[in-house]
Structures are given as structure tokens and as C-alpha cells.
Amino acid sequence: MNRSGLGAKGAKSISSTQAGRSRTGDVGGGPDKVIRSFGGSDIKGWYDATNILLAGTANNADLTFWYDKGPDQTHLHQSTAAEKPHYIHDGLNGHPVVRGDGSDDVYKTADAGGTAKNVDWGASCSAFVLVKAANDDNNHGIFGGDSGGSVPKSRFGFGSMQDENPDRMRIECFGRVDNGGEVNFQVDSFYNTGGGIPTCRNQFVLYYLEYKINAGETGAEDTFTRSAYTKEAVSAVSTSSTGETNENKVTSSDANAMAAKGFDTDQMVVFKNIHTAMGFLDGDLAFLLFSNKHYSLKERQKISKAIQQIYGYSGIN
């Protein structure tokens with residue numbers, strides 16, 4: 001595969017033929033233009049399996065880089081052969097996806113040379129993710145923040161808890177504070193599938209997620225806002241339940257410090273959540289976009305429709 005042009009910020013979607021199937025892409029406009037116009041410089045990572053830079057990759061081959069289509073050129077990278085996700089030509093409506101084996105396949109954010117690259121997060125972040133997990137009763141980590149930043153520090157993540165009945169989607173914020181000694185904290189918003197949000201078990205689902213650090217609050221539950229939306233992106237889904245670990249250790253001073261610096265600037269882990277209990281994603285990612293903003297109703301609906309247009313609408317829940 002030609003590795004030249006990694007810094008090209010205008011990379012388009014695939015408009016070629018793979019495995020005998022036509023790839024209709026973003027040529028001179030279309031869904032990529034919509035995403036770029038609404039996201040702009042706030043996009044911190046834009047990973048689309050139809051990216052033209054992946055077009056020369058053989059079906060079911062190791063994928064060392066999943067290239068960023070956004071302005072920061074923060075790619076997803078894996079150098080270890082056994083831990084590389086695979087590129088699948090016909091994953092969703094004849095369009096490609098990137099597949100993890102649920103065992104050890106994982107990416108971390110990196111520059112064009114594969115060197116670890118931190119992400120400069122703000123205090124209000126969001127993610128669009130088009131994902132399918134295996135039809136099993138295991139937990140599937142989809143992404144999570146990894147940070148060696150200074151205390152107090154905060155991160156965010158997402159996963160599918162399929163060891164529950166019904167399945168639960170887990171949107172989380174977590175980190176560490178100095179409360180008489182370094183203390184880990186965590187707050188989770190759980191969404192029972194069937195209660196307003198679909199499961200990604202054995203089907204592709206498009207989610208829009210929001211995370212926010214609120215200054216001046218006491219306790220992590222109030223300091224961090226976590227919200228989930230369906231593909232219609234009209235309004236946030238009601239939380240089924242929440243969970244906390246040491247959430248009362250976060251002081252108002254911690255909240256102010258974390259809000260001022262934003263979520264900690266370090267690598268994102270994709271195809272895995274950093275919590276051991278969540279594990280790796282056994283399944284497919286077609287699209288993932290991280291942003292340093294919360295989108296308005298019009299913006300998130302336009303981006304959601306653009307993602308669905310890229311992948312053909314059918315079978316996207």
C-alpha cells in the first residue's frame with residue numbers, strides 16, 4: 001500500500017472497486033463535506049473504513065494504520081502483528097469495516113510514523129460511533145482514554161456490557177485525584193437496551209455520545225455529564241442507572257482543575273476499554289469520530305445522516 005500523502009487532510013472516501021463491489025465515495029462533496037463543515041477544527045480523530053488511503057489493503061489483511069481524515073492527523077496504529085485489527089472489504093452493505101478479534105486486537109493514537117500521539121481534549125467532548133459486537137454474553141470495550149497526566153486527571157470511555165440481561169451500554173468518565181493520597185474514581189451511565197437505545201450485539205448501531213466536565217461541582221457524579229443518543233440524534237436517552245466508585249473523592253477544586261485543562265491529553269485506546277473487566281471488542285467498527293464539541297440538534301442530525309449515507313442506511317440501527 002502506498003503510504004505517501006499521510007498528511008493530506010482532504011482524504012476522500014473510497015471510490016473504487018474491491019472484491020467486485022463498487023465503492024461510492026465522497027467525490028468533491030457529499031457526506032464527507034457535511035462532516036467536515038460541521039466538525040471543522042474541533043474534530044480530534046475521524047476514522048472511516050471507506051477512507052481512500054485504505055483502498056489498497058487486501059481483504060482480511062492486517063491494518064497497521066487506520067488513518068485520520070480530520071485536521072489533526074492523529075491516526076490509529078498498531079505495530080504488533082498479532083494485535084492488528086483486520087480490514088474487511090464487505091462488512092456493511094458492501095462497504096468496508098475494521099474488525100477486532102476480541103482477544104488482543106487494539107489501536108492507540110499515533111502520528112504518521114507510529115509514535116504515540118496525545119490528543120488535546122477540551123472539557124466538552126463527543127463521539128459518533130458505528131459499531132457491531134459479537135453475538136455473545138461477553139463485555140466489549142469499544143474505546144477508552146489512557147493517560148499518565150497530572151493529578152487530578154480525567155478520561156472517558158464506552159463499551160457494551162453483554163454479560164447483563166438485557167445488554168447495557170456503558171458511557172463512563174474516570175480518573176484519579178489526590179484526596180489524602182491518590183485515589184481512582186469512576187462514574188458510569190448505563191443504558192439498558194430496549195429502554196430507548198439499541199444493543200450493538202450482532203447488529204450495526206450508530207450512537208452519538210457526549211461527555212462534559214462541569215467546573216465548581218463536588219463529587220464526580222455532578223462533575224461529569226455523560227449522555228447517549230440514538231442515530232436519530234433528537235434528544236438524549238434516559239439513563240437506566242448509574243454506578244460510582246469513590247465518586248465522593250472529587251472535590252470542587254478537582255472539578256475546577258479538570259475543567260480548566262479538559263480531559264487529560266493522552267492516547268485514546270480503540271477496540272478496547274482500558275478497564276480489564278470490559279475487555280476487547282470482538283466485532284466491527286465502520287466509523288468513529290471524536291470531537292471537542294457538543295453538536296446542536298441540526299449538526300448532530302446532519303452528521304448522523306452523512307454517516308448513514310456513506311454506509312448505505314440499511315441495517316444501521
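Our structure is the block above this text.
Residues numbered from 1 in each chain as written. Predicted model: local features only at pLDDT ≥ 70, side-chain atom pairs only at ≥ 80, totals over all residues. Heavy atoms only, no water.

Trainee: How would you explain the sheet that holds strand β11 (residues 139-145) if you had to name every residue and give the values?
Mentor: Spatial ordering of the open sheet is given by β5-β6-β9-β18-β11-β12-β13-β14-β17, a layout of 9 strands whose pairing is antiparallel. Looking at the sheet topology across the chains shown, the edges are occupied by β5 (65-66) and β17 (241-245). When β11 meets strand β12 (residues 153-161), the two strands line up antiparallel, connected through 5 bridges. When the bridges of β12 are listed, N139 appears paired with M161. (Pairing = 2+ DSSP bridges. Helix = DSSP H or I, 4+ residues; strand = E, 2+ residues; numbered from the N terminus.)

Trainee: Can you break down the side chain of N139 residue by residue, with the values?
Mentor: Take N139: it is sitting in strand β11. Side-chain polar atoms of N139 contact the backbone nitrogen of Q162, separated by 3.3 Å. A distance of 3.2 Å separates a polar side-chain atom of N139 from the backbone oxygen of A277. Non-local contacts of N139, meaning those with residues more than four positions away in its chain, are made with S160, M161, Q162, D163, A277, M278 and F280. (Polar contact = N/O pair within 3.5 Å; in protein donor to acceptor, adjacent residues only side chain to side chain. Contact = heavy atoms within 4.5 Å.)

Trainee: So, helix α3 (residues 252-261): which residues are in play, and what are the values?
Mentor: Among the residues making up α3, those that are buried are D254, A255, M258 and A259. Taken end-on, α3 shows its buried residues confined to a sector of 125°, consistent with a single buried face. With respect to the buried face of α3, the exposed residues turned more than 90 degrees away are S253 and A260. Contacts made by the buried residues of α3 are with β12, β13 (168-178), β14 (182-192), β15 (205-213), α2 (220-223) and β16 (224-229). Immediately downstream of α3, the backbone of G262 shows phi near 80°, a positive value. (Buried < 20%, exposed > 50% of the residue type's maximum accessible area, 1.4 Å probe, protein only. Arc of directions from axis to C-beta.)

Trainee: So, the pairing of strand β10 (residues 124-133): which residues are in play, and what are the values?
Mentor: In terms of residue burial, β10 counts as a mostly covered element, since 8 of its 10 residues are buried. Relative to β15, β10 runs antiparallel, the two being bridged by 8 bridges. Counted as the bridge partner of C125 is Y211 from β15. Looking at chain direction, β10 and strand β19 (residues 282-291) are connected through 8 bridges and run antiparallel. When the bridges of β19 are listed, V131 appears paired with L285.

Trainee: Go over the environment of D254, please, and point to the residues and values.
Mentor: In this structure, D254 sits in helix α3. On the basis of relative accessibility, which here comes to 8%, the residue D254 falls in the buried class. Remark: the alpha-carbon pair of D254 and R176, spanning 78 residues in sequence, is separated by 9.6 Å. For D254, the contacting residues outside a window of four places in its chain are P152, V177 and K249.

Everything listed here is a matter of geometry and, on its own, says nothing about what the molecule does.
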